[in-house]
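Notes for the structure review
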Amino acid sequence: MSRLAAALLALAALAAPCARAEAADVAPTAMVQVAGGEVALLLPVEGEELATVAPFAIDATPVTNAQFLAFVRDQPEWAKGAVPRVFADERYLAHWGDAGGLGAADPDAPVTNVSWFAAAAYCEARGARLPTEAEWELAARAGAELADGYLEPGHRERVLALVSGRAPVPGPVGRGEVNAYGVHDMHGLVWEWVFDVGAAMNTADSRSAGDRRLRLLCGGGSAGATDTSDYAAFLRYAFRSGLTGDYAGGGLGFRCAS
Amino acid sequence: MTRTLRALLVAATAASATLLAACGGDGTTGPAPADSRAAEVVPAHAAPAHHAGHPSALPAGELPGTSLFHLASAWTDQDGAPFALPDLRGKPSVFVMFYGDCTTACPLLVKAAEDIEAALPAELRGQVEFVMVTFATEADTPAKLKAYAASKGLDREGWRWLVGSPLQTRQLATLLGVQYRALGDGMFAHSNVVTVLDREGVPATRLEGLGVALDPAVAAILSVL
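Residues numbered from 1 in each chain as written. Chains lettered and ligands numbered in written order. Predicted model: local features only at pLDDT ≥ 70, side-chain atom pairs only at ≥ 80, totals over all residues.

Residue and element names in this part refer to chain A. Mean pLDDT over chain A: 82, with 75% of residues reaching 70 or higher. Taken as a whole, residues 1-24 scores under 50 in pLDDT and shows 32 contacts with residues more than four places along the chain or in a different chain. Across residues 201-225 the pLDDT falls below 50, and counting only partners more than four positions away or on other chains, this stretch makes 50 contacts in the model. (pLDDT = per-residue confidence, 0-100. Contact = placed C-beta atoms within 7 Å.)

Here it is, written out as structure tokens:
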């Protein structure tokens, strides 16, 4: 599918009235192709300067409340209140209503308060998966015009402004920034889960992600960081490194890849 | 791939209906494919089968919410047979994640599990299950795992060497708090963790790092036996 067609599809989905969102057959997000490449993870494993990423497809927008509701209705094991504690903490879908629906949650806003297990299950049900950290970072690296946004003047500052300007309760998907791939909202709405949660370590000898977290928060980790001036990326890695798979939080959503 | 999810969901449903303990280990679902696509096998005993008139299938009780046995999809063991975590119910278990081509940390992790077994009173050793799960979902075939286990004298009763799908492997690692990343050359960067689960699959002790004292793991096993 061409990027334009994908974008049009995404826009068409967004143009639908809110009322349809309670329907159980909400269309999944259109996906866009991202060429593979090499991406420098902020804190690579020792001796692994660049991660090589094969071409992949990624959702043009984060998964919405309405889309996740359709999944939950199809797979009631993932309904609010039905998920074993080991797969999601007590905040799971806390912003939804208690009667099996969205309550006051915006159907077109990214679903949040979803654990990694739930996000991975959603993507699996679609025949997709969560993007790896390297894939997500590669897709997020694009600027407005170029696949490598860092070649665009002011890119770091724009991304940081998007991250720091997020609303406490995220608004609808697809109305914020769109990058050169046609991927929307990589920075301006929510943090996003990746497949290899907790995969990153400072070195191959790290005993735990705790080492990495500590180094990040103490600032010592920046000595090994690939690009210390990229504060928005630094925030992403710091946030991800503190996550456990059962965590469900208001500022954390996801999108799928394949 | 959606069958993986279905297996997980169906099995999780069954687990929450507490049927797996009674049905587990029936092992009659046929051999798993040898190519490590274990997660695609939907074990027959994972299907909800709770009807009136099945009193013999009544479970011991509902799994605790923090039990890892909610991850109920089938793995493939070193004999190519399907194996699901709820099959462990009723016995404490020791979990290690490793991979066969790992020459530094992994042999020490496996040795730690072996030392924990050796530290148990002889009459109790058969009551504990040792579960070694590979990160290398492609390279570590059941045959390779069997050879690896045999080379250490650990292809025997009470020792399970498992391979699963990439998702399933990441799910387990996430539950165990094990970090890993493929380095692209068949090697993995990974954290070194030994976890003891109680009879219901709830973590009782977690040892992180190499060369740490194993006493807490032994004590945890003895306390839940």
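Now that the structure is up, let's keep going.
Further remarks concern the nonpolar core. As a rule of thumb, nonpolar side chains are buried together in soluble globular proteins. Counting 121 residues, the largest nonpolar core has A:Ala118, A:Ala119, A:Leu130, A:Ala139 and B:Val94 as the members making the most contacts within it. Setting aside anything within four residues of it in sequence, one finds A:Ala139 in contact with A:Val34, A:Ile58, A:Tyr181, A:Val183 and A:Met186. (Core = buried A, V, L, I, M, F, W, Y, C linked by C-beta atoms within 7 Å. Buried ≥ 20, exposed ≤ 12 C-beta atoms within 10 Å, placed from the backbone.)

As a further point, take helix 5 (residues 166-176) of chain B. Residue and element names in this part refer to chain B. Of all 11 residues that make up helix 5, 10 are buried, and the element is covered over most of its length. For helix 5, the complete set of buried residues consists of Leu 167, Gln 168, Thr 169, Arg 170, Gln 171, Leu 172, Ala 173, Thr 174, Leu 175 and Leu 176. Following helix 5 by one or two positions, Gly 177 has its phi on the positive side, about 70 degrees. (Helix = DSSP H or I, 4+ residues; strand = E, 2+ residues; numbered from the N terminus.)

Turning our attention to the pairing of strand 9 (residues 203-208) of chain B. Residues and elements named next belong to chain B. Bridging between strand 8 (residues 193-197) and strand 9 involves 5 bridges; their strand directions are antiparallel. By the bridge assignment for strand 9, Val 194 is matched with Leu 207. The turn linking strand 8 back onto strand 9 is made up of 5 residues, and Gly 201 within it adopts a positive phi angle of 85 degrees. (Pairing = 2+ DSSP bridges.)

Before going further, it helps to spend a moment on the pairing of strand 8 of chain B. Residue and element names in this part refer to chain B. Within strand 8, 5 of the 5 residues are buried, which leaves it mostly tucked inside the rest of the structure. Neither face of strand 8 is exposed, since Val 193, Thr 195 and Leu 197 on one face and Val 194 and Val 196 on the opposite face are all buried. As defined by bridge partners, strand 3 (residues 93-98) adjoins strand 8 across 4 bridges and the pair is classed as antiparallel. What sits directly across from Val 94, in strand 8, is Val 196.

On to the sheet that holds strand 4 (residues 129-134) of chain B, then. All names here are of chain B. Pairing is mixed in the open sheet, where 5 strands are placed in the order 5-4-3-8-9. Two strands bound the open sheet, and with one partner strand each, they are strand 5 (159-162) and strand 9. Taken over all neighbouring pairs, the strand axes of this sheet differ in orientation by 20 degrees on average, direction set aside. Bridge count for strand 3 against strand 4 is 6 bridges, and the pairing is parallel. When the sheet's bridge partners are listed, Phe 98 is paired in strand 4 with Thr 134. The sheet contacts of helix 3 (residues 105-119) involve strand 3, strand 4 and strand 8, and relative to strand 3 the element is tilted by about 170 degrees. (Axes fitted to C-alpha atoms, helices over the stretch in contact; angles between N-to-C directions.)

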